[in-house]
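# Topology and contacts: notes
Okay, here's what each chain looks like letter by letter:
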Amino acid sequence: ETGVTQTPRHLVMGMTNKKSLKCEQHLGHNAMYWYKQSAKKPLELMFVYNFKEQTENNSVPSRFSPECPNSSHLFLHLHTLQPEDSALYLCASSQVGGGTGELFFGEGSRLTVL
Amino acid sequence: TQLLEQSPQFLSIQEGENLTVYCNSSSVFSSLQWYRQEPGEGPVLLVTVVTGGEVKKLKRLTFQFGDARKDSSLHITAAQTGDTGLYLCWQGGKLIFGQGTELSVKP
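Presented here is an overview of the structure given in this document. (Residues numbered from 1 in each chain as written. Chains lettered and ligands numbered in written order. Predicted model: local features only at pLDDT ≥ 70, side-chain atom pairs only at ≥ 80, totals over all residues. Heavy atoms only, no water.)

### Comments concerning the overall build of chain A
Filter applied, for reference: Strands are runs of DSSP state E lasting at least 2 residues, helices are runs of H or I lasting at least 4, and numbering of each runs from the N terminus. Restricting the calculation to C-alpha atoms gives the radius of gyration, and the globule rule supplies 2.2 Å times the number of residues raised to the power 0.38. Under the scheme applied here, a residue whose accessible area is under 20% of the maximum for its type counts as buried, over 50% as exposed, and between as partly exposed, the area being computed with a 1.4 Å probe on protein chains only.
Within chain A, the secondary structure is distributed over zero helices and 11 strands. Along chain A, helices (α) and strands (β) appear in the sequence β-β-β-β-β-β-β-β-β-β-β when read from the amino end. The C-alpha atoms of chain A give 13 Å as radius of gyration, which agrees with the globular expectation for 114 residues (13 Å, within 12%). With the C-alpha coordinates aligned to their principal axes, the bounding extent of chain A is approximately 35 × 30 × 30 Å. Looking at the 114 residues of chain A, the share that counts as buried comes to 45%.

Structure, rendered in structure tokens:
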């Protein structure tokens, strides 16, 4: 399997649930990203990991908790979310963080919070 | 906060027409990338521009980077229905995307 894989593709959860989104990349990249894509809004950077170290946290509420156990895997743990958190969550990877390197995206996890 | 302003936000045209999409900032870009996103998929890289005044062509798509590296444009010649999608500019230095231009090309 190649590229960036995200699971699940769709998730419906209540405001009191705990769930996790998973991202896996098979490209040998060292940087991984979480972006949030809502209707009518630009893609919002959430977190960046470079060589497993978090290098960006774009003022994301603590109900979103990232985890990067190794360079190939990235998780987004979700806890007591709000309906306004419903969005498409996109994971991406690149050789290194930022710069001119190409971002490779997964297909996204569509989250609905009831 | 540095913003990338894209215009127009929505564009609906007939097949065969030409169009231009713009990406602007008040700050200088170190480099800029253009991505296209189709429904149900993640964005895919179209081009990276690095040098002020640079022009790159990708079949019917022409990308320009402004001389001062504060703006960029994407021009599509003779648009096809397959060009439909969300076009995004991305600034690698700040890791930020523009708001996107949603293009719809009708047969």
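### Observations concerning the packing of aromatic side chains
The criterion, for reference: To pair, rings of Phe, Tyr and Trp, with the six-membered ring standing in for Trp, must have centres within 6.5 Å; the planes then decide the type, stacked if under 30 degrees apart, edge-to-face if over 60, and tilted in the middle.
Applying the stated criterion across every chain, the model contains 10 aromatic pairs over all chains. On the basis of an interplanar angle of 85 degrees and a centroid distance of 6.2 Å, the ring pair of F105 of chain A and Y35 of chain B is categorised as edge-to-face. Of this pair, F105 of chain A sits in strand β10 (residues 104-105) while Y35 of chain B sits in strand β4 (residues 32-37), placing the two residues on different chains. One exposure class covers both F105 of chain A and Y35 of chain B, and it is buried. Note on F105 of chain A and F97 of chain B: the rings are 6.1 Å apart at their centroids and 55 degrees apart in plane angle, and the pair reads as tilted. Of this pair, F105 of chain A sits in strand β10 while F97 of chain B is found in strand β10 (residues 96-97), placing the two residues in two different chains. For F105 of chain A, a relative accessible area of 12% translates into the label buried. The class for F97 of chain B is buried, based on a relative accessible area of 5%. One aromatic cluster in this structure is built from Y33, Y35 and F105 of chain A together with Y35, W90 and F97 of chain B.

### Notes on the pairing of strand β5 (residues 44-50) of chain A
Residues and elements named next belong to chain A. What counts, and what does not: Strands are labelled as partners when DSSP assigns at least two bridges between them.
Burial within β5 is extensive, with six of its seven residues counted as buried. Pairing between strand β4 (residues 31-37) and β5: six bridges, direction antiparallel. Paired with K36 across the strands is E44, a residue of β5. Counted along the chain from β4 to the antiparallel partner β5, the turn is six residues long, and its residue K40 has a positive phi close to 70 degrees. As defined by bridge partners, β5 adjoins strand β6 (residues 53-57) across four bridges and the pair is classed as antiparallel. Note on β6: the bridge partner recorded for F47 is N57. Between β5 and β6, which follow one another and run antiparallel, lie two residues, and F51 among them has a positive phi close to 50 degrees.

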